[in-house]
Each structure stands twice: as structure tokens, then as C-alpha cells.
Amino acid sequence: MRRLGNIHWGPLLAALALAVIGLATVSSASSETGTDYLPRQALWIGVGLIALLIVVAIDYHALLDLAPIFYAGSIALLVAVLLIAREIGGARSWFGIGSLGGQPSEIAKLATILMLARYLTRVRRPHLDFGHLVVAGIITAIPVGLVVLQNDLGSAAMFGPMVAAMLLVGGLRLKHILIGLLVVSIFAVGYWATGARSHQVQRIVSFLKPDKDPLGAGYQVRQSKIAVGSGQWVGRGYGQGTQSQLRFLPARHTDFVVAVLAEEWGFLGVLGVLGLYGVFLTSTAQVAARSRDRAGILLLAGLLGLFSFHVLYNTAMVVGLLPMTGIPLPFLSYGGSFMLVNFLITGLVLNVDYRRYVNR
Amino acid sequence: MNVIREDRFHRTLLVRRLTRLTGLSIGALMLISLGYWRVQVAEGAHYRQLADNNRLRKLTIEAPRGWIYDRNGRPLAENIPNYALSIDRGLARDLDATFAFASTLLGVPAEELERRFAARRSGPGFAPVIIAQDLDLTTVARAGVEQLEHPEIGVEIAHRRLYRQAHQTAHLLGYLGEVSQADLNREPQSYQPGDLIGKKGIEKIFDHRLRGEDGARVAVVDSHGRFIEEFDHHPARPGEALTLALDLDLQQTAAELLEDKVGAIVAMDPWNGEILAMASAPSFDPNRFVGRLDPETWRALLDHPQNPLQNRSQQNRYPPASVFKIVMAVAAIESGLDPNETVYCRGYSVIYNHRYRCGNAAGHGRLDLRGAIKHSCNVYFHQLGQRLDIELIARYARRFGLGRVTGLELDSEQAGVVPDSRWSLEARGTPWYPGETISVATGQGPILLTPLQMARLMAALVNGGDLITPRLVRTDEPAVRERPEPALRDSTLAMVREALWAVVNEPNGTGGRARIADFEIAGKTGTAQVVRQATWTSNEKLAPDQRDHAWFASFAPFDSPRLVVVVFVEHGGTGSRAAAPLARAMYETYLARQNQDAPQAPAVGG
């Protein structure tokens with residue numbers, strides 16, 4: 001493997017560092033819950049690394065060739081979920097695969113990225129035409145519609161930034177951007193006015209006024225901010241976060257894991273973690289810059305959109321900058337299939353980098 | 001299959017777009033880190049405090065208030081267990097429902113409970129708030145049954161102050177009441193809202209010693225209020241016990257003697273100033289004040305014409321009447337007048353064209369100073385009033401501690417009035433009339449003192465002229481004594497003391513009703529006129545509120561005085577009938593006490 005030395009190690013090192021920090025934080029956050037999530041989290045990191053190696057081994061062009069099969073398969077899974085999956089937490093997205101569980105919508109996102117990358121690569125123009133957008137829209141709408149039918153709006157929303165990133169890199173015209181924004185706003189307003197579920201309204205309200213009802217819907221926002229704020233500069237020390245250890249903080253090992261980190265490691269710890277995400281994003285962008293073809297760039301665009309949106313939304317939500325919703329933080333939050341997806345993303349990034357030279 | 005490989009069409013353009021997008025993400029990441037900076041660094045201290053409040057629950061451990069004992073260790077103020085109802089905000093789901101439930105439990109309107117709750121909740125702590133005290137056992141049981149439904153309602157065992165002698169010691173001990181906002185503002189460190197503090201008397205003056213310091217148990221709790229571990233524990237420092245100089249037997253005797261009367265009795269050790277008894281009537285039951293005083297009781301006390309809250313021994317001033325002749329006699333002898341010089345009393349004197357009456361309308365005949373004291377002849381002292389000017393009289397009055405507070409450890413003490421020409425100009429704006437000196441010579445007119453000052457005066461007569469600061473609390477510290485100018489000769493004091501012996505022990509003395517066989521009491525009666533001389537006939541014919549005030553100021557045993565007793569009965573009639581017998585009863589109790597304490601000791605007196 002002579003050329004292995006030429007691979008960009010940034011994404012992998014950042015991912016490994018974040019995974020280890022996540023392991024420690026999840027362990028601290030779950031030390032009072034009776035279940036130690038550390039072994040399972042470690043197991044999933046191992047699974048993720050194996051998956052990463054497998055993904056790197058297969059040329060991404062081959063993966064793009066197989067994209068329609070992945071895409072069709074993931075849609076079949078989503079349909080299966082709708083038909084047979086158990087009701088869990090109001091959303092039918094958890095697919096019972098053994099004790100580990102798996103989320104078909106996560107797979108569907110990656111399959112959709114591959115499918116769109118494959119389609120957009122063939123558009124040999126500086127900008128996408130309306131027809132291209134229609135096709136891309138259909139490719140996206142099928143899995144999104146199925147996820148929405150599962151009542152998992154958070155996951156469905158994740159398709160948005162990912163697809164938007166790919167279209168933007170593929171070349172969107174300003175008028176199409178404006179039309180897109182208009183359509184999205186009309187849908188949002190319509191949804192708000194008619195079909196909005198009360199718990200979503202509550203989340204928005206509690207985001208706007210978290211102190212109005214500190215023990216009700218605003219509880220999570222408030223407790224999260226208290227946890228983050230009480231960390232101050234250097235934190236309370238590992239395992240010493242009172243908000244986390246005393247169960248004031250809900251979902252502390254999953255969506256709010258960064259609050260635990262902020263409480264125990266302080267602002268400096270937060271800066272360190274955000275810095276690692278920055279390293280991941282910039283090194284991925286560097287990989288894109290030296291990749292050899294449209295396919296690689298578009299694939300990386302989708303991966304970056306998916307990944308960075310998780311990072312940005314989750315970290316902003318924890319500190320109260322955005323309304324709460326169930327978006328986990330890559331590599332840090334506890335959750336098997338999500339961990340796997342993040343290592344798959346990393347694997348795809350390395351894959352593109354590894355194959356930047358012709359004749360491989 | 002290979003159609004998408006190696007397609008480099010517009011590759012640079014795509015890379016530029018992707019780089020820009022990444023740049024946007026990095027920018028957003030920086031903005032978010034600014035958000036963390038704001039919450040963690042700029043507002044970090046605020047959130048750190050919130051976090052600490054989140055997890056720490058402070059439970060106050062009540063410091064038991066110090067008991068108060070009499071000189072022989074008998075409890076005067078003690079603590080008994082008391083059940084109180086509390087509300088724990090941390091456990092309350094719906095406070096309105098809580099108040100509604102508590103209202104049915106206690107039979108108190110919910111609004112009243114809400115008011116109490118609002119008034120007593122304190123700051124950020126999660127300590128349960130007490131909303132009712134003195135629960136009966138039925139209520140305690142009912143609250144316990146509803147524990148599952150209303151976990152926020154708790155029954156706490158607190159201490160309740162009990163004054164076993166009730167109204168008999170009320171003016172001395174005072175009472176407890178809920179701390180006022182003014183107290184809280186003045187001493188925010190010492191008090192918490194809802195605290196009971198001393199509001200009057202010893203309880204007030206010695207509050208800081210009696211109250212001790214509440215302890216606290218600070219527990220770490222989780223979000224459900226469940227106990228995790230103990231974070232901090234400082235035990236309560238119990239309040240100090242106080243031992244008073246008071247002799248409960250004497251105090252109870254005094255209180256019983258004043259039952260159905262209006263007046264005061266003070267018994268004091270003339271050598272160290274210890275107050276052995278101090279009673280004032282009418283009185284009140286301080287136990288009614290503990291916890292929550294019902295408005296009717298309070299109103300009744302305030303509207304009572306005789307004002308039972310007033311401690312007449314040191315908060316009310318009265319003319320000393322003939323007891324003041326003691327000061328006059330000392331002033332006369334010290335000024336060089338001959339005590340053997342006689343004056344003829346024919347029942348009145350006419351001075352400055354004004355007729356002044358003697359107590360005995362038939363006249364006392366020819367009297368020297370000793371005889372004038374023994375018979376309390378006004379005419380003799382009218383003569384002295386003519387010969388000694390008011391400045392000199394005032395000087396001797398002050399010499400005996402009149403006109404200023406004694407310094408006893410009780411609040412609102414009155415200083416009384418010692419009139420002279422300067423006082424007349426300042427207080428009344430008129431010059432002093434010589435005729436007034438004639439009145440002052442027999443203790444009438446503007447001169448005013450408290451029964452406690454009278455006792456101090458008697459102590460000075462007994463102990464060689466020292467003014468002693470009276471005290472209620474027993475201490476090892478030496479008595480505070482002063483010997484002001486002008487110096488008094490022992491022979492003068494002895495001469496007056498001997499005359500006081502004659503008042504009680506010789507036939508026809510005005511204080512004969514105070515006499516006890518085998519125990520020599522010396523004293524002076526006083527009868528203060530309440531209505532003008534012209535309308536006065538006899539006390540029996542006057543309306544009760546127009547009758548004279550009766551005084552008897554005394555000491556005993558004559559040879560080696562151990563006790564000073566001053567009796568004052570408002571509108572009681574003459575000192576010899578209304579006050580002297582009460583003093584005798586006091587000495588009888590004193591003697592009984594002495595014999596009980598030391599049965600083997602030789603009989604006192606002779």
C-alpha cells in the first residue's frame with residue numbers, strides 16, 4: 001500500500017478523536033442510569049471501523065454504479081418498516097434487528113446521496129436546469145415521503161441540507177434558489193397552520209420562551225443551558241457534572257451529550273470538540289478539492305451537507321440557539337446505526353481521496 | 001457503467017462551490033462557539049448558581065431556644081414539641097390544589113394559607129414552608145393519610161415556647177413573635193422569614209443568646225427531589241440557657257398579690273441589684289403570642305383600659321408621694337438642718353397664701369424629723385420645702401437615681417421627672433413657682449418615678465448610698481455600683497433608716513400593717529393624690545379611678561438588710577392600707593423561702 005501515506009488523515013483522525021471523546025462522555029453521562037452505555041458504544045465504534053475499511057476498499061465509482069440497487073433496497077426497507085415495525089416513541093423508525101437496532105432512514109440518506117451523486121454527475125453543465133431539479137426532486141421525495149409517513153420528521157428534515165448541498169455544488173440558478181425557498185416557506189406555514197402536532201408547536205414555543213414554563217416544555221432547554229453554562233471555562237471535571245450526574249439533563253447520552261461535555265470540560269472542552277469538527281469539515285473539503293472527478297466532488301458535497309448539518313444543528317440546539325429536535329451529534333451521541341453512518345461517511349471521504357489518481 | 005468515471009467537466013467550478021459551502025459551515029461553527037462562550041463564560045456564573053440550586057436542598061435544623069430559669073433552676077420559659085404543617089414547593093405539582101386541600105385540613109381559608117406561604121417562602125432554597133402550627137393529633141393523622149395524594153404536605157415537629165407561669169412572668173420574659181420585615185432588613189444574616197424572635201422582655205433583649213444558631217442539612221438531590229447524598233451538615237447550635245435572678249416564689253407571690261389590682265411590685269437585692277421579683281398588673285398570657293396571635297386577643301389587649309402590655313414597674317411613672325420624704329429627710333440633714341428641731345402640726349399649713357393639708361386633719365402636734373417620717377406628717381415637710389430650694393431637692397433626688405433610667409435589661413424604661421427651675425422652663429415654658437416646691441416636698445406635683453427607681457432609691461438608702469444597676473439575669477460579673485455626688489454620711493442614712501423602722505414597728509406608725517413578728521421590716525408609706533385636694537374626701541367615697549395611688553417602699557431585715565420590696569397599687573387607696581400589707585406578704589414568702597433553704601440557720605432578726 002505505497003500510496004496509503006498520501007491519504008488525507010484529517011477526517012479519520014478527527015473521527016477517531018471524536019469517537020473516543022464521545023465514548024468517555026457517554027460513559028460519564030450514563031454512569032447514574034444503571035446501564036453503562038460504554039461497551040455498546042465501543043462495540044459500535046468497532047463495527048463502524050470495520051464498515052469504514054470495507055467502504056474504503058471498494059472504489060466509490062463502483063458504489064455509484066451500484067447506487068440504484070442501494071437506493072431501491074433502502075426504499076424497500078422503509079416500506080418494510082412502515083408495514084411491520086413496532087411503534088417506538090411515536091416514531092416507527094426503529095427497525096428491530098437483533099438487540100442492536102438499526103434505522104433504515106439512516107441507510108436511505110446514504111443511498112440517496114449515492115443516487116443523486118450518480119445522477120448529477122451526468123449533468124455536464126455549469127448550472128442545473130429545471131428538468132434536472134425535477135428528477136433530483138423525485139429521487140429525494142420518495143425516501144423522504146416514506147420517512148414522513150413514519151412520523152419521523154426530524155430524519156426527513158435531514159434530507160434537506162444534504163440534498164441542498166449537492167444541488168448547490170451541482171449548480172443552482174438564483175431563481176431556482178428563490179423558488180425553492182418560497183416553496184419551503186409555503187409548506188412550513190401550511191404545516192404550522194393546519195397539520196402541526198402539538199408537541200412540535202410546544203418545542204417552538206419553549207424555544208422562544210424557555211423560562212415561561214421551566215418544568216414543562218422548556219425544561220430541557222433550561223436544564224441544558226444550565227448544564228452548559230455551569231461548565232464555565234474549564235468545567236466541573238470529568239464525571240463531576242451535577243446536571244448530568246444527577247439526572248437533571250434529559251437525553252444526556254444521546255442528543256444532549258455535548259451539554260455533558262460542556263458541563264464537565266467547560267468552554268475549552270467545547271472549543272476542542274468544535275475544533276475537531278472543523279478539522280473534519282475542512283479536511284473533507286480539501287479531499288474534494290484534490291478529487292479527480294465530478295462524481296467524487298458531488299458525493300463529498302452530500303456527505304458534508306449531511307454531516308455538517310448534524311453538527312451545527314445539534315450544537316446550536318443544546319445551547320439554546322435553535323429549537324429542540326431529535327438530531328444527534330456525529331461520533332459523540334450514543335446510538336448504533338448513527339455511529340455506523342458516520343464511519344461510513346468517513347470511509348466514503350477516504351475512499352474518494354484514496355482514488356484521486358488515475359489508474360487505480 | 002463507466003460513463004461517470006473521469007468526468008472532469010466544470011470540476012474547478014464545483015470545487016469552488018463546495019469550498020464556499022464548507023466555509024459557511026465553519027463560519028456557523030464559529031458563531032455557535034460564540035453562543036457557548038456567552039452561556040459558559042459571560043453568563044457562566046449565573047448558570048453555575050442555578051445548577052447548584054438545582055441539586056442542593058437545604059433543610060434547616062431548628063436550634064432549640066434556650067430555656068429560662070429562675071435563680072433556683074425552676075423553668076420559666078421552656079420548649080415543648082409542636083406539630084406544624086409545611087408545604088414543600090419542590091414536590092408540589094399544583095399549588096392551588098395543595099392550598100385547597102390544606103384549607104379543608106386546617107379549616108383556614110385557602111387565601112390566608114397562600115398569604116402565609118408567600119410571606120414565609122425564602123429565596124432560592126427548597127426548604128418546606130410552614131403554613132400552620134399547633135396542629136392537633138387528628139389533623140396530623142389526616143395529613144399523614146393523604147401523604148400519597150399530597151406528598152408536598154408535610155408534618156414537622158417543631159418546638160413551641162411555653163411560659164409555665166403564664167401571666168405571672170409575662171412582663172419580664174416577654175414573648176416571641178414572627179420576625180418583622182424591619183428586623184429582616186436590619187439583620188439579614190441573623191433571621192429568616194418566618195423565624196420566631198423575641199419581641200418583648202428578656203426574650204427580646206437576650207434574643208441572640210437565647211436563639212442559638214440554626215443548623216442546616218444540605219442534601220444533594222436529583223431532578224425528582226430524591227436524596228442522593230449528604231453534601232453538608234452543620235448541626236444547630238442550641239440557644240444559651242438563661243438563669244434569672246428571679247425567685248419564682250417571690251414572683252408568684254407578687255403576681256398573686258396584684259391579682260384583680262392594678263399596680264406593680266419590685267423585690268430587689270440592695271447589694272447587687274438582682275431583681276428577685278418584678279410583677280405588674282394587669283398582665284397577659286404570653287403563651288397566646290407564640291405562633292399566631294388571633295386578632296381579637298390582640299385587639300382586646302390594646303383596647304384594655306389598664307393596658308396589660310405595659311410593665312408598670314419600669315414603664316409607668318407615678319408621683320412618689322410621701323415616700324419622697326426619705327429624700328427630703330436626707331437632703332435636710334445633709335444640708336445641716338437639725339433633725340431634732342420640731343414643727344407643730346395642726347392638720348394643715350398655710351404657705352404663700354395657700355393652704356396645704358396634712359394627712360391627719362386633726363394634726364400631729366409637735367414632731368421632730370423622726371416623728372414626721374413615722375407619722376408621715378406633711379406639715380413638717382412643707383416647712384422643709386420652704387427652707388430647701390428646689391435645686392437642692394432635685395440634686396438629692398438625682399443623687400438617688402431619680403430622673404434617669406436604672407439600666408435594667410428591659411426595654412422602654414421610663415426615666416421619670418425630677419423637676420427644677422430649668423426643667424420648668426424647658427418642659428413647660430413657665431418659671432418654677434415656690435409653691436410647687438411645697439408640693440414636691442411631699443412627693444406631689446410634677447415629680448415622677450417608676451416603682452423600679454423607687455426600689456433603687458431604697459437600695460441606696462440601705463447599702464450606704466450606692467446606686468446599683470438592677471439586673472434580671474444572674475451573672476458572675478460584679479454588680480455595677482456608683483456613688484454619685486454629693487456624698488452621703490452613713491449617720492444620715494442610718495438616722496433615716498431608723499425612722500423607717502419606727503414607721504413599721506412603733507405604735508401609730510403608718511406602716512404598721514407591714515409588721516411581722518421576729519422580723520424587722522422598715523419602710524415608708526406613700527399616698528399619691530389623683531384628684532385635687534379640694535374635692536378629696538376619703539378613698540372609700542371616691543370612684544375607683546379617682547382613688548389615691550398607694551405606695552410602700554421597704555427593706556428588711558432592719559439590722560442587715562437583704563431585700564428591698566416596693567409595692568405600688570394604682571388607685572389602691574392609702575399606702576398604709578393598700579400597699580403595706582402586700583409588702584408584708586412578700587417578706588413572709590421570703591422568710592418561708594429562707595427557712596426552706598436553710599432550716600438549720602439561726603432565726604433572722606430579733
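Look up a bit, the structure's there.
Q: Give a detailed account of the interface of chain A and chain B, specifying residues and quantitative values.
A: With 50 residues of chain A at the interface, the matching set in chain B holds 43 residues. Elements represented by at least two residues in the side of chain A that touches chain B include exactly helix H3 (60-65), helix H5 (104-121), helix H7 (153-171), helix H10 (219-230), helix H11 (242-245), helix H12 (257-289) and helix H13 (294-318) of chain A. Considering every element that reaches the side of chain A that touches chain B, the biggest residue donor is H12 of chain A, with 13 residues. Looking at the side of chain A that touches chain B residue by residue, the class counts come to 29 nonpolar, 13 polar and eight charged.

Q: Go over the sheet that holds strand S11 (residues 263-268) of chain B, please, and point to the residues and values.
A: Residue and element names in this part refer to chain B. If you trace the five strands from one edge of the open sheet to the other, you get S12-S11-S21-S20-S19, paired in antiparallel fashion. Only two strands of the sheet have a single neighbouring strand rather than two, namely strand S12 (275-281) and strand S19 (522-528). Neighbouring strand axes in the sheet, compared pairwise and without regard to direction, differ in orientation by 5° on average. Two strands pair when backbone bridges link them, and S19 and strand S20 (residues 549-556) are joined in this way by seven bridges, in the antiparallel orientation. Residue pairing across strands places Ala522 opposite Phe555, the latter belonging to S20. Contacting S11 and S12, helix H10 (residues 248-257) runs over the sheet at an angle of about 20° to S12.

Q: Explain the packing of H13 of chain A against helix H1 (residues 11-42) of chain B to me, using residue names and the numbers behind them.
A: In a pair of packed helices, the angle between the axes and the distance between the axes together describe the arrangement. Packing of H13 of chain A against H1 of chain B brings their axes to within 10 Å, and their N-to-C directions diverge by 10°. Taken together, the axes of H13 of chain A and H1 of chain B lie roughly parallel to each other. For the pair formed by H13 of chain A and H1 of chain B, the contact residues are Arg294, Ile297, Leu300, Ala301, Leu304, Ser308, Leu312, Thr315 and Ala316 of chain A on the first element and Arg11, Leu14, Val15, Leu18, Leu21, Thr22, Ser25, Ala28, Leu29, Ile32 and Gly35 of chain B on the second. Looking at the contact of H13 of chain A with H1 of chain B residue by residue, the class counts come to 13 nonpolar, five polar and two charged.

Q: Please give an account of the environment of Tyr352 of chain B that cites residues and values.
A: Residue and element names in this part refer to chain B. Here Tyr352 lies in the loop between strand S14 (348-351) and strand S15 (354-357). On the neighbour-count criterion, Tyr352 (11 C-beta atoms within 10 Å) is exposed. Residues within four places of Tyr352 in sequence aside, it is in contact with Pro434 and Gly435.

Q: Go over the nonpolar core with me, naming the residues and quoting the values.
A: Burial of nonpolar side chains together is a common tendency in soluble globular proteins. By size, the foremost hydrophobic cluster in this structure holds 120 residues, and its most contacted members are Ile265, Val266, Ala267, Met458, Val564, Val566 and Ala579 of chain B. Sort the elements by how many residues they give to this core and helix H19 (residues 451-462) of chain B lands first, with nine residues. Domain assignment of the residues forming this core places at least three in each of domain 1 (57-243) and domain 2 (248-299 + 309-597) of chain B. Sequence-distant contacts of Val564 of chain B, defined by excluding residues within four places in its chain, comprise Ala267, Met268, Pro270, Ala455, Met458, Ala459, Val462 and Phe555 of chain B. Core analysis: the next-biggest nonpolar cluster, separate from the first, contains 114 residues, Leu52, Ala259, Leu312 and Leu329 of chain A among them.

Q: Summarise the pairing of S19 of chain B; cite the residues concerned and give the values.
A: Among the seven residues in S19 of chain B, seven count as buried, and that is most of the element. Burial along S19 of chain B is two-sided: the residues Ala522, Lys524, Gly526 and Ala528 of chain B and Gly523, Thr525 and Thr527 of chain B are all buried.

Q: I'd like a description of the packing of H7 of chain A against H13 of chain A, backed by residues and values.
A: All names here are of chain A. Between H7 and H13, the shortest axis-to-axis distance is 8 Å and the interhelical angle comes to 145°. The way H7 lies across H13 gives a crossing that is right-handed. In contact with Met158, Pro161, Met162, Ala164, Ala165, Met166, Val169 and Gly170 of H7, H13 contributes Ile297, Leu298, Ala301, Gly302, Leu304, Gly305, Leu306 and Phe309. Here the contact of H7 with H13 is built from residues that sort into 13 nonpolar, three polar and no charged.

Q: Describe unusual backbone geometry, with residues and values.
A: With glycine set apart, most residues show a phi of negative sign, and most peptide bonds adopt trans. All names here are of chain B. Cis geometry marks the peptide bond from Ala281 to Pro282; its omega dihedral reads 0°. Assignment of secondary structure puts Pro282 in the loop between S12 and helix H11 (295-303). Residues other than glycine seldom take positive phi values, yet Ala166 does so here, at roughly 50°. The topology assignment puts Ala166 in the loop between strand S5 (153-163) and helix H6 (170-173). Since 15 C-beta atoms lie within 10 Å of it, Ala166 is described here as partly exposed. The phi torsion at Asp518 lies on the positive side, around 65°, for a residue other than glycine. Positionally, Asp518 belongs in the loop between helix H20 (490-505) and S19.

Q: Kindly report on helix H3 (residues 95-106) of chain B, identifying the contributing residues and their values.
A: Residues and elements named next belong to chain B. The terminal C-alpha atoms of H3, which comprises 12 residues, lie 16 Å apart, in line with the 16 Å expected from a rise of 1.5 Å per residue. Considered for burial, the residues of H3 that qualify are Thr98, Phe99, Phe101, Ala102 and Leu105. The buried residues of H3 occupy an angular sector of 165° when projected down its axis, which confines them to one face. Among the exposed residues of H3, those oriented more than 90 degrees off its buried face are Asp96 and Thr104. Buried residues along H3 sit in contact with strand S3 (75-87), helix H4 (110-120), strand S4 (129-132), helix H5 (137-145) and S5.

Cut-offs used in this document
- Residues numbered from 1 in each chain as written.
- Chains lettered and ligands numbered in written order.
- Predicted model: local features only at pLDDT ≥ 70, side-chain atom pairs only at ≥ 80, totals over all residues.
- Contact = placed C-beta atoms within 7 Å.
- Helix = DSSP H or I, 4+ residues; strand = E, 2+ residues; numbered from the N terminus.
- Nonpolar A, V, L, I, M, F, W, Y, C, P; charged D, E, K, R; others polar.
- Pairing = 2+ DSSP bridges.
- Axes fitted to C-alpha atoms, helices over the stretch in contact; angles between N-to-C directions.
- Parallel < 35°, antiparallel > 145°, perpendicular 65-115°, else oblique.
- Buried ≥ 20, exposed ≤ 12 C-beta atoms within 10 Å, placed from the backbone.
- Core = buried A, V, L, I, M, F, W, Y, C linked by C-beta atoms within 7 Å.
- Domains from an automatic or database assignment.
- Left-handed = near helix turned anticlockwise from the far one by under 90°.
- Expected span 1.5 Å × (residues − 1).
- Arc of directions from axis to C-beta.

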